[in-house]
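# Residue-level structure breakdown
One letter stands for each residue in the lines below.
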Amino acid sequence: PGCSAAMASSGSPGRAGTGTELAPAADAAQLDTAEDFEVLEGEEEEEEEDDEEDLSELPPLEDVGRPPADGQPAEPGAGEAAEDPREWIDVLGSGLLKKKTLVPGRGVDSRPRKGQDVTIRLKAALEDGSVVEENPALTFTLGDCDVLQALDLCVQLLEMGETALIVSDAKYCYGAQGRSPDVPPNAALTLEVELLAARDAPDLELLSGKEKIELANRKRERGNFFYQQADYVLAINSYDIALKIIGSSSKVDFSPDEEAELLDVKVKCLNNLAASQLKLDHYEAALKSCNLVLEHQPGNIKALFRKGKVLAQQGEYRDAIPILKAALKLEPSNKTIHAELSKLVKKHADQKNVETEMYRKMLGNPSAAGTPGKCKDKLPWSIPWKWLFGATAIALGGVALSVVIAARN
């Protein structure tokens, strides 16, 4: 699916720069672990309510719409304010993202297409006019979620050479988290954007090993950013793009070191993809991602751990336990694997007890539903007493029969 459509529905914050600038190495390292992240709960967006219209300054009814006298300029105010809404385009139909042309461009046919690399001049400011970012030549791939969602959604509507004003709710900028230290949480932004250039993205087959690694890493780090924002749909989108770049055919020979580095990036993307898919309960997809990692690296602890978690979520405790044991053998001090394994062993034991009782009932022995220990304790005593009572009954019967026979004789 297209990134713009996903962004419009998800509403997670983005960044104006590339993924490399905004997903530091520490975040990437933290993501590619066996630990789960704490999900950042998104705050609900509050809709602004329009103030009640003040009618006290309106002219008398008969003067409404009367043209100004010759030679007198029209007074600014109500007339111009009424025209402003007609100049704005409500991009999503929700009033949260609007665009207004300041300088016209070269026509609709000159608009950029998704997948092209576009270059824009950007100036971003808060509602009070404080400038928080200026970039004379920001380049990104349109539709790949590399920048603020407001930009990705609106730049595709710009004509070449057009300068536009974009007013965006925080939902399509930096969201509830903001950007320390200059953008506060839930801050709306005004973006002044000029479309400078648009060109087709480079042919992946002609990229050098270094160029392919850098491009794939940018997309992966962008996915890490979305994962940290708990927007797993967009995280998956970015990881998928990175994997497509890595898996694309090439007409250029790579060095062994470049091949090894590409494989390392691929494994990281697959591991993080599995983590995102797990968050969305996409178990089959997560299992496939883990298996792809293990094809390259059978001893990859993170893939083993996540595969064990996927199987556990599917109730396959018998298969999950040996996989987690293998991961624990590789890293015995890992507390996360210890905890998960202990939990699964207990669940597996409970599952076996339930199955055992079900089989007993199916075989018509519901009385054996008690705990096994108690049954074993009672068993040595219960059998001798039964024999004793049986023997006594037979003996008494024999005596009674003898008496009857003797009496008849």
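The rules behind each value
- Residues numbered from 1 in each chain as written.
- Predicted model: local features only at pLDDT ≥ 70, side-chain atom pairs only at ≥ 80, totals over all residues.
- Heavy atoms only, no water.
- Phe/Tyr/Trp six-rings, centres within 6.5 Å; stacked < 30°, edge-to-face > 60°.
- Buried < 20%, exposed > 50% of the residue type's maximum accessible area, 1.4 Å probe, protein only.
- Lys NZ or Arg CZ within 6 Å of the ring centre and 35° of its normal.
- Helix = DSSP H or I, 4+ residues; strand = E, 2+ residues; numbered from the N terminus.
- Polar contact = N/O pair within 3.5 Å; in protein donor to acceptor, adjacent residues only side chain to side chain.
- Expected span 1.5 Å × (residues − 1).
- UniProt positions renumbered as here; feature names shortened; annotations may be inferred.
- Pairing = 2+ DSSP bridges.
- Core = buried A, V, L, I, M, F, W, Y, C linked by side-chain atoms within 4.5 Å.
- Contact = heavy atoms within 4.5 Å.
- Axes fitted to C-alpha atoms, helices over the stretch in contact; angles between N-to-C directions.

The subject of this paragraph is the packing of aromatic side chains. Summed over the entire model, instances satisfying the criterion amount to 2 aromatic pairs. Consider the rings of Tyr227 and Tyr232, whose centres lie 5.2 Å apart with planes at 70 degrees: the pair is edge-to-face. A relative accessible area of 3% places Tyr227 in the buried class. Here the basic side chain of Lys98 rests over the ring of Trp88, its NZ or CZ set 5.8 Å away from the ring centre.

Right, let's talk about the side chain of Arg220 for a bit. Along the chain, Arg220 falls in helix α6 (residues 209-228). For Arg220, a relative accessible area of 6% puts it in the buried group. Looking at Arg220, its side chain comes within polar contact range of the side chain of Asn217, at 3.0 Å.

Taking 1.5 Å per residue as the helical rise, helix α7 (residues 232-247) with its 16 residues ought to reach 22 Å, and the 22 Å between its terminal C-alpha atoms agrees with that figure. Along α7, 12 of the 16 residues are buried, which leaves the element largely enclosed by surrounding structure. Of the residues making up α7, those classed as buried are Tyr232, Leu234, Ala235, Ile236, Asn237, Ser238, Tyr239, Ile241, Ala242, Leu243, Ile245 and Ile246.

So, on to the environment of Lys279. The residue Lys279 is located in helix α8 (residues 256-279) in this model. Here Lys279 falls in the partly exposed class, since its relative accessible area comes to 28%. For the pair Lys279 and Asp231, spaced 48 residues apart in the sequence, the C-alpha separation amounts to 9.8 Å.

As annotated in UniProt, the feature "repeat: TPR" (unreviewed entry) corresponds to residues 301-334 in the numbering used here. Helix makes up 79% of residues 301-334 and strand 0%, whereas the separation of the span's terminal C-alpha atoms amounts to 10 Å.

Summarising the sheet, strand β2 (residues 97-103) and strand β5 (residues 163-168) pair through 6 bridges and their orientation is antiparallel. Bridge assignment links Thr101 to a residue of β5, and that residue is Ala164. In this structure, β5 lies alongside strand β6 (residues 189-200), joined through 6 bridges in antiparallel fashion. Looking at β6, one finds that Ala164 is bridged to Val193.

Counting residues in each nonpolar core, the largest one holds 49 residues, and the members touching the most others are Phe226, Tyr227, Leu273, Val310, Ile337 and Leu344. Of all the secondary structure elements, the ones that give two or more residues to this core are α6, α7, α8, α9 (283-296), α10 (301-313), α11 (317-330) and α12 (335-362). For this core, the leading source of residues is α7, giving 10 residues. In contact with Leu273, other than residues within four places in its own chain, are Ile236, Tyr239, Asp240, Leu243 and Ser289. Formed by 30 residues, the second largest nonpolar core is a distinct cluster that contains Tyr172, Cys173, Leu191 and Val193.

This paragraph deals with the sheet that holds strand β4 (residues 131-141). The 6 strands are arranged β1-β2-β5-β6-β3-β4 in an open sheet whose pairing can be described as antiparallel. Sheet topology places β1 (88-90) and β4 at the edges, where each strand pairs with a single neighbour. Direction aside, the axes of adjacent strands within the sheet are offset by 25 degrees on average. Pairing of strand β3 (residues 116-126) with β6 involves 11 bridges; the strand directions are antiparallel. Among the inter-strand pairings, Leu126 is bridged to a residue of β6, identified as Leu189.

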